[in-house]
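# Chain and residue survey
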Amino acid sequence: MTTIVQRAGFLTSVQDLGRTGFRRFGVSTSGALDPFALRVANLLVGNNEGAGGLEITLGGLQLRFEDERIVAWCGGEFDVQIGSRALPAGHVAHLRAGDELKFARAQIGCRCWLAISGGIDVPVVLGSGSTDLRANFGGIEGRALRDEDVIPLSKWPGSPTPVTAISSWTAPHDWASPTSHYPSLRFIRGVDWNRFDDVTIQRFTQHEFSVSPDSDRMGVRLDGPELKREEETDLISEAVAPGTIQVPPSGQPILLLGDCQTIGGYLKIAHVITVDLAIAAQLRAGDRVRFSEVSMADAYRLLLERQRELERFRIGLSLQP
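Summarised in this report is the structure supplied together with it. (Residues numbered from 1 in each chain as written. Predicted model: local features only at pLDDT ≥ 70, side-chain atom pairs only at ≥ 80, totals over all residues. Heavy atoms only, no water.)

The next point concerns the overall build of the chain. Of regular secondary structure, the chain possesses five helices and 20 strands. Here the C-alpha atoms of the chain give a radius of gyration of 20 Å, agreeing with the 20 Å that 2.2 N^0.38 yields for 321 residues. Dimensions of the chain along its principal axes, counting C-alpha atoms only, are 65 × 35 × 35 Å. Evaluated residue by residue, the chain yields a buried proportion of 52% over its 321 residues. A separation threshold of at least 6 residues defines the contact pool for the chain, and within that pool the share at least 24 residues apart is 76%. As presented, the chain carries roughly 14,600 Å² of accessible surface, and 51% of it is formed by carbon and sulfur atoms. Across the chain, the centroid of the 33 positively charged side chains sits 2 Å from that of the 39 negatively charged ones. (Helix = DSSP H or I, 4+ residues; strand = E, 2+ residues; numbered from the N terminus. Rg over C-alpha atoms; globule rule 2.2 N^0.38 Å. Buried < 20%, exposed > 50% of the residue type's maximum accessible area, 1.4 Å probe, protein only. Contact = heavy atoms within 4.5 Å. Areas by Shrake-Rupley, 256 points an atom, 1.4 Å probe, with all protein chains shown as cover. Lys, Arg positive; Asp, Glu negative; His and termini not counted. Charge placed at Lys NZ, Arg CZ, Asp CG, Glu CD.)

With that settled, consider the pairing of strand β3 (residues 53-57). Burial analysis of β3 places five of its five residues in the buried class, the great majority of the element. Relative to β3, strand β2 (residues 11-15) runs antiparallel, the two being bridged by five bridges. Bridging from a neighbouring strand, Leu11 pairs with Thr57 of β3. As judged from the four bridges shared by β3 and strand β10 (residues 108-116), these two strands associate in the antiparallel manner. Bridging from a neighbouring strand, Glu55 pairs with Trp113 of β10. (Pairing = 2+ DSSP bridges.)

Okay, the sheet that holds strand β9 (residues 100-103) next. Spatially, β7-β6-β9-β4-β1-β11 is the arrangement adopted by the six strands of the open sheet, whose pairing is antiparallel. Every interior strand has two partners, whereas the edge strands, β7 (85-86) and β11 (150-152), have only one.

Of all five residues in strand β4 (residues 61-65), four are buried, a share of seventy percent or more. Judged from the five bridges that link them, strand β1 (residues 2-8) and β4 form a sheet pairing that is antiparallel. Counted as the bridge partner of Ala8 is Leu61 from β4. Here β4 runs beside β9; their pairing, made up of three bridges, is antiparallel. When the bridges of β9 are listed, Gln62 appears paired with Lys102.

A few words now on the state of the cysteines. Two cysteines whose sulfur atoms are joined by a covalent bond form what is called a disulfide. In this structure the tally under the stated criterion is zero disulfides. Cysteine Cys112 remains unbridged, with the sulfur of Cys74 as its closest cysteine sulfur at 9.1 Å. Looking at the unpaired Cys260, the closest cysteine sulfur is the one in Cys110, lying at 17 Å. Of the residues examined, Cys260 reaches a relative accessible area of 0% and is grouped as buried. (Disulfide = S-S within 2.5 Å.)

Summed over all chains, the structure comprises nine aromatic pairs. Considering the side-chain rings of Phe187 and Trp193, the 5.7 Å spacing of their centres and the 35° angle between planes classify their relative orientation as tilted. With relative accessibility at 0%, the residue Phe187 sits in the buried group. For Trp193, a relative accessible area of 7% gives the class buried. Three or more aromatic residues link up through ring pairs in this structure, and these residues are Phe187, Trp193, Phe204, Phe209 and Phe291. Here the basic side chain of Arg306 rests over the ring of Phe36, its NZ or CZ set 3.9 Å away from the ring centre. (Phe/Tyr/Trp six-rings, centres within 6.5 Å; stacked < 30°, edge-to-face > 60°. Lys NZ or Arg CZ within 6 Å of the ring centre and 35° of its normal.)

For helix α5 (residues 296-318), with 23 residues, the first-to-last C-alpha span of 34 Å sits near the 33 Å given by 1.5 Å per residue. Residues of α5 that are buried include every one of Ala299, Leu302, Arg306, Leu310, Phe313 and Leu317, and no others. (Expected span 1.5 Å × (residues − 1).)

Pairing in this closed barrel of seven strands is mixed, and the strands run β12-β19-β16-β17-β14-β13-β20 around the ring. Averaged over all neighbouring strand pairs, the angle between strand axes comes to 40°, with direction disregarded. (Axes fitted to C-alpha atoms, helices over the stretch in contact; angles between N-to-C directions.)

So, about the nonpolar core. In this structure, Leu54, Leu114, Phe204, Ile269 and Phe291 are the most contacted members of the largest nonpolar core, which totals 76 residues. Ranked by the residues each element gives to this core, the list is headed by helix α1 (residues 35-45), at eight residues. Listed in part, the six residues of the second largest apolar core include Ile188, Ile273, Val275 and Ala299. (Core = buried A, V, L, I, M, F, W, Y, C linked by side-chain atoms within 4.5 Å.)

And the structure:
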């Protein structure tokens, strides 16, 4: 019950929904940078939505399956092949022993999440099997996958009824592939919003920012108009979380992602809302992004609406033959 890594690609790691309840001890959340995409992919293959899957960055992954499995993936625009057959995002594929699954380079976005029926069977560390690439624990030996790695899979009884090789039905497009040529991130005001003058706020909300090559799972560094604070005072480090937008002395903002530190001493101008973290996870070097403000009430409403839609989707899947 394994799958063989024939090519590991640029950066592939085992991730689930992350570690919760340990940030007060300095432990990052880790987990899929787009937890919703992994939840959807897991539901498509019949897993618990928190089961471990693979996060694939920029493509290049090639797997060979040793037994029958069902797979699905969600994320950026990738060319994914099972032999000579294309597997689109959000569709379900039935693989036989010996089948190979290949992810080519991303066309739009940079990450996707692969769910395999049964889930990936790795040791649980602090409540999660996610790989913490900075602290080097979780996943497979606390590191990214390498060529010829053997990925252990949990038991799966097989498909109870015959299924087509690749399903005609799919997850909603915005869930399966939340990418855009012109990404825009909605935010609520951060605790230090009032430390910036009107000119700086206007720069932040009305200008584009370019994604720096110096970005990773910890955060997205942005180049653009300088964001100046009104007063140069020392700051006490405070809690930060995925989605926090910090402004260091350089004036170039940093959007924190899943592997971010638990506290930080930079000004926090804003916080990207939860439903838009899927878009943030797809930003890659050279992309241009804008920010738009929403209220806290709208942020909650959008999150609740998506959760209700997910419940309806789960019911719909249960009706599939």
